[in-house]
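# Observations on the model geometry
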2 protein chains.
Amino acid sequence: MVKAAILGFGVVGSGVAEVLSMNEDKITRTTGGISLKYIVDIRDFPDSKFGNLVVKDFSVVENDPEVKIVIETIGGVGVAYEFTKRALKKGKSVVTSNKELVATHGIELMDIAEENGASYFFEACVGGGVPIIRPIEQCLAANSITEIYGILNGTTNYILTQMIRNGLAFDVALKQAQELGYAEANPAADVEGHDVCRKICILAAMCFGNHVYPDQVPTEGILDVTAADVAFAAGKNCKIKLLGRALEQDGKVYAYVAPHLVPEEDLVAGVEDVMNGIVVKGNAIGTAMFYGPGAGKMPTASAVVADAMDAVKHLHDPKAPAWAEGIEGLVGNADDLQYTWYVRTKKDIGLGELLGSENGEYAWITAPMTKGEAVSAYKYAEIQSMFRVLHQ
Amino acid sequence: MVKAAILGFGVVGSGVAEVLSMNEDKITRTTGGISLKYIVDIRDFPDSKFGNLVVKDFSVVENDPEVKIVIETIGGVGVAYEFTKRALKKGKSVVTSNKELVATHGIELMDIAEENGASYFFEACVGGGVPIIRPIEQCLAANSITEIYGILNGTTNYILTQMIRNGLAFDVALKQAQELGYAEANPAADVEGHDVCRKICILAAMCFGNHVYPDQVPTEGILDVTAADVAFAAGKNCKIKLLGRALEQDGKVYAYVAPHLVPEEDLVAGVEDVMNGIVVKGNAIGTAMFYGPGAGKMPTASAVVADAMDAVKHLHDPKAPAWAEGIEGLVGNADDLQYTWYVRTKKDIGLGELLGSENGEYAWITAPMTKGEAVSAYKYAEIQSMFRVLHQ
């Protein structure tokens, strides 16, 4: 029976405690058992059945040699970063759902883990419950991966789905998402694309082998998507989806986050509401897709606990880092690649394919060009919005 | 550099050699390298660049202590069974795409592997290139799995897709599949459902923990599906798909293979042509789906080589068996469960919901009942075909 501690008893942390309890039999059968010894949080939880495990001081966990597995569900790059380093330096394996921390400091933390004979796992950081990190690392290991893209944020996908299905305006759909608990009171990390940015950094590093940092990834959210764009896109049999995408081209890695017009026959066009769907292309497998709940208490806890179980199995044989430090010049600027663009303008410019005009606005599909070229070409027509068309 | 041998240089075996060669750099970076030393086949391959590796006698591989990894792509339960046992008994790890062998003798072979400090991996047996075995074993490990179902055979899915999309008769669609190389000259294993039966046995064992044998799995193919059924199903917004399905209910495991009317909003309804799609339901994650090419030379080789790479990583720490021996009374007869049925009859019987009538035939949707009850209820109306409706 291996002892574990949870750091941060919020939505995911409490879900982890519940999954450990609910599926105790199965977990014990396959790992010998994981016993929750501490929960570190600054709050008290007198009404929780796990309330008696709460300690306020991380050093209790840090200095208890019985604790072999630390489950970090604090989030952010503050104390989570500090506690993770301290736990790893004590040789404790750490598993996390903290995508910001992995995207920002992942390689450093994996190195510290390796130096101290510990593992550092983060399956829950991308796609919530959806298996994606291990399938890339293990099942697709024999492939040179050429591209990965997907719907990586359930909140924005819910908002866009409502805009597409019911013709709602962005503000109305956002308010609905907030009322249903899918969006936070401050939705910036979701709607501005930062959450997807962190996830595509992790996926790009997994697929292409070197750390890709958030500041290397041009990131657009969905604030510019209007009901008019949704309607024009429908006229081209496309749905507007916020994608994280990374690809390798001519020896460079490119990653970016942006809304796309996705043709209806593409796999991710059918990924609706709060679900996530991630497409991986490799030179042997062709195309595979992974689909499931990209967030939520129990699905995310499902992935975190699976990581904890794997960490138990690897206590005496910790896994090596999943990627290497970033290399100068490896990551190119994704805005320099050529894309087919959808552009909505105030004026008729007669350039490219006219997709339609409505309420004195015009929608165009361009020839392939860079973002800068598209801006230059259409700016005199007063660009209202401008999105890439996936794979065209 | 670990030495490997391929047994059987057919479509998959030659694909494995190609993937090992094509992605040599990546494979070496993550495993230290896999070097192909022998190919065992009774044929010669003078035109292949791997032709110089061919030996006819398996004992050359068996008795070469340098060979640590044996890749079995012979198929069937004859020499493949014998060679696998002999290789494992020499402590060599074996990876395979041979679903018949794993479904029939998997637990015995995993036990022999464990006794001899070797691994036995079979990711390619289900879903071809689609990652499914490891995701269930590792990523969904924290779940009690309640149900798994999917489109597990590309040949029959291609035939059904043609029948649905272009209104073809079964015979015409089969002939087309044969001309395109998707179906074999003798298509029995595919169209009679035996291939899916083996795969759902493996998935059921993975999900529920004990071996499920093919003869415990009621198996229907697609021979009874007609253009009339496809049309009637469309009237209920359903597509006819051949599914393998396994579930746990009241402590028993049930598995079966049969055509289903799948509602269009179900995830697998969108899986078309030769693709596979597998849905897993767990008590923490909810629902996840895995999608990709379920067969074909390179996708299958992608999974086999990934297994070989994992076997190299586990040379000194072989993995334990993935499930236990079957238990008397654990597997129930899936025909005893209740389903909603679609029944096409020659006579108007006025029982259940009349879906439509056409050319003197009648299509009905029944109340939930067992297969035996449905046959009893409708036999006087002369049953022409009878399929389950998924999740209704």
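Use the structure listed above.
This text gives an overview of the structure that appears in the document. Since the structure is predicted, the reported quantities are computational estimates derived from the model, not experimental observations. (Residues numbered from 1 in each chain as written. Chains lettered and ligands numbered in written order. Predicted model: local features only at pLDDT ≥ 70, side-chain atom pairs only at ≥ 80, totals over all residues. Heavy atoms only, no water.)

### A short note on helix α10 (residues 194–208) of chain A
Residues and elements named next belong to chain A. When the terminal C-alpha atoms of α10 are compared, their 21 Å separation across 15 residues agrees well with the 21 Å that a helix rising 1.5 Å per residue should span. Most of α10 sits out of view: 14 of its 15 residues are buried. Of the residues trailing α10, Gly209 is marked for its positive phi of about 100 degrees. (Helix = DSSP H or I, 4+ residues; strand = E, 2+ residues; numbered from the N terminus. Expected span 1.5 Å × (residues − 1). Buried < 20%, exposed > 50% of the residue type's maximum accessible area, 1.4 Å probe, protein only.)

### Thoughts on the pairing of strand β11 (residues 286–293) of chain B
Burial of β11(B) is extensive: six of the eight residues sit out of reach of the surface. As judged from the three bridges shared by strand β11 (residues 286–293) of chain A and β11(B), these two strands associate in the antiparallel manner. Residue pairing across strands places Met289(A) opposite Tyr291(B), the latter belonging to β11(B). The antiparallel hairpin formed by strand β10 (residues 275–282) of chain B and β11(B) contains three residues in its connecting segment. (Pairing = 2+ DSSP bridges.)

### Considerations on the sheet that holds strand β6 (residues 120–121) of chain A
Within a sheet, adjacent strands bond to each other through the backbone by hydrogen bonds, running parallel or antiparallel. Residue and element names in this part refer to chain A. Pairing is parallel across the open sheet formed by six strands, whose spatial order is β3-β2-β1-β4-β5-β6. The open sheet terminates on both sides in strands that have one partner only, identified here as β3 (54–55) and β6. Looking at chain direction, strand β1 (residues 2–7) and strand β4 (residues 67–72) are connected through five bridges and run parallel. Bridge pairing in β4 links Ile6 to Ile71.

### Quick notes on the packing of helix α1 (residues 11–22) of chain A against helix α12 (residues 297–313) of chain A
Residue and element names in this part refer to chain A. The interhelical angle for the contact between α1 and α12, taken along N-to-C directions, is 65 degrees, at an axis separation of 8 Å. In terms of their interaxial angle, α1 and α12 are classed as roughly perpendicular. As for the relative orientation of α1 and α12, their crossing is right-handed in sense. Where α1 approaches α12, its residues Val11, Val12, Ser14, Gly15, Val16, Glu18, Val19, Leu20 and Met22 are matched on the opposing element by Lys297, Met298, Thr300, Ala301, Ser302, Val304 and Val305. Of the residues in the contact of α1 with α12, the class split is ten nonpolar, four polar and two charged. (Axes fitted to C-alpha atoms, helices over the stretch in contact; angles between N-to-C directions. Parallel < 35°, antiparallel > 145°, perpendicular 65-115°, else oblique. Left-handed = near helix turned anticlockwise from the far one by under 90°. Contact = heavy atoms within 4.5 Å. Nonpolar A, V, L, I, M, F, W, Y, C, P; charged D, E, K, R; others polar.)

### A look at the pairing of strand β12 (residues 340–345) of chain B
All names here are of chain B. Burial runs high along β12: six of the six residues are buried. Here β12 shows a buried face lined by Thr340, Tyr342 and Arg344 and a second buried face lined by Trp341, Val343 and Thr345. In terms of strand pairing, β12 meets strand β15 (residues 383–389) through six bridges, oriented antiparallel. Its bridge partner being in β15, Arg344 is matched across the sheet by Ser385. Of the strand pairs in this sheet, β12 and strand β14 (residues 361–365) are connected by four bridges, and their pairing is antiparallel. When the sheet's bridge partners are listed, Tyr342 is paired in β14 with Ile365.

### Considering the interface of chain A and chain B
Reports of interface size often rely on the accessible area that becomes lost once the parts have come together. Between chain A and chain B, the residue contacts involve 38 residues of the former and 38 residues of the latter. Between chain A and chain B the total buried area reaches about 3200 Å² when both faces are included, carbon and sulfur atoms providing 57% of it. Run the count over chain A and chain B and you get zero salt bridges. Counting across the chain A and chain B interface gives 13 residue pairs in polar contact (both at pLDDT 80 or more). (Buried area = accessible area lost by both parts, 1.4 Å probe. Salt bridge = Lys/Arg side-chain N within 4 Å of Asp/Glu carboxyl O. Polar contact = N/O pair within 3.5 Å; in protein donor to acceptor, adjacent residues only side chain to side chain.)

### A look at the packing of helix α5 (residues 99–115) of chain A against α10(A)
Residues and elements named next belong to chain A. Look at α5 against α10: their axes get within 9 Å of each other, and the N-to-C directions meet at 50 degrees. As far as their axial angle goes, α10 and α5 are oblique. Between α5 and α10 the crossing geometry is left-handed. Where α5 approaches α10, its residues Lys99, Glu100, Val102 and Ala103 are matched on the opposing element by Asp195, Arg198, Lys199, Cys201 and Ile202. Partitioning the contact of α5 with α10 into residue classes produces four nonpolar, no polar and five charged.

### Things to note about the relation of the copies chain A and chain B
Between the two chain copies there is a screw-like relation: a rotation about an axis and a shift along it. Take chain A, turn it by 180 degrees, move it 0.0 Å along the axis, and it overlays chain B with an RMSD of 0.0 Å. As the rotation angle and translation indicate, the two copies are arranged about a two-fold axis. Looking at the rotation axis and the C-alpha trace of chain A, the residue lying nearest is Phe290(A), at 2.5 Å. A shared binding surface is used by both copies, with 100% of the interface residues of chain A retained as interface residues in chain B. (Least-squares fit on C-alpha atoms with pLDDT ≥ 70 in both.)

### Considerations on the sheet that holds strand β3 (residues 54–55) of chain B
Residue and element names in this part refer to chain B. If you walk across this open sheet you meet the six strands as β3-β2-β1-β4-β5-β6, and the pairing is parallel. The sheet is open, and its two borders are formed by β3 and β6 (120–121), each paired with just one other strand. In terms of strand pairing, strand β2 (residues 34–40) meets β3 through two bridges, oriented parallel. Of the residues in β3, the one forming a bridge with Ile39 is Val54.

### Topic: the side chain of Ser385(A)
Residues and elements named next belong to chain A. Within the element layout of this structure, Ser385 appears in strand β15 (residues 383–389). Using a relative accessible area of 3% as the deciding quantity, one classes Ser385 as buried. A polar contact is formed between the side chain of Ser385 and the side chain of Asp229, at a distance of 2.7 Å. Leaving out residues up to four positions away in the same chain, Ser385 has contacts with Asp224, Asp229, Tyr342, Val343 and Arg344.

### Remarks on the pattern of salt bridges
Residues and elements named next belong to chain A. In total, this model carries 54 salt bridges over all chains according to the counting rule given. A salt bridge links Glu361 to Lys346, with the nearest nitrogen and oxygen atoms 3.7 Å apart. Of this pair, Glu361 sits in strand β14 (residues 361–365) while Lys346 sits in the loop between β12 (340–345) and β13 (353–358), and the two are 15 residues apart along the sequence. A residue is classified by how much of its surface remains accessible, and Lys346, at 40% relative accessible area, is partly exposed.

### Quick look at the packing of aromatic side chains
Under the criterion given, the structure shown has 21 aromatic pairs over all chains. With a centroid separation of 5.4 Å and an interplanar angle of 75 degrees, the aromatic rings of Tyr256(B) and Tyr339(B) are classed as edge-to-face. You can see Tyr256(B) sitting in strand β9 (residues 252–263) and its partner Tyr339(B) sitting in the loop between α12 (297–313) and β12, a full 83 residues away along the chain. Take Tyr256(B) and Tyr339(B): they sit in the same class, and that class is buried. Of the aromatic side chains, those joined through ring pairs into one cluster are Phe9(A), Phe45(A) and Phe50(A). One residue, Lys85(B), lies across the ring of Tyr81(B), its end atom 3.9 Å from the ring centre. Taking NZ or CZ as reference, Arg388(B) lies 4.4 Å from the ring centre of Tyr339(B), over its face. (Phe/Tyr/Trp six-rings, centres within 6.5 Å; stacked < 30°, edge-to-face > 60°. Lys NZ or Arg CZ within 6 Å of the ring centre and 35° of its normal.)

### A word on the environment of Asn333(B)
Residues and elements named next belong to chain B. Among the structural elements, Asn333 can be located in the loop between α12 and β12. In this structure Asn333 comes out as partly exposed when scored by relative accessible area, which is 38%. When the C-alpha positions of Asn333 and Tyr254 are compared, they lie 6.3 Å apart, and in sequence the two are 79 residues distant. With residues up to four places along the chain from it excluded, the contact list for Asn333 reads Pro218 and Tyr254. Only 2.9 Å separates the side chain of Asn333 from the backbone nitrogen of Asp335, close enough to count as a polar contact.

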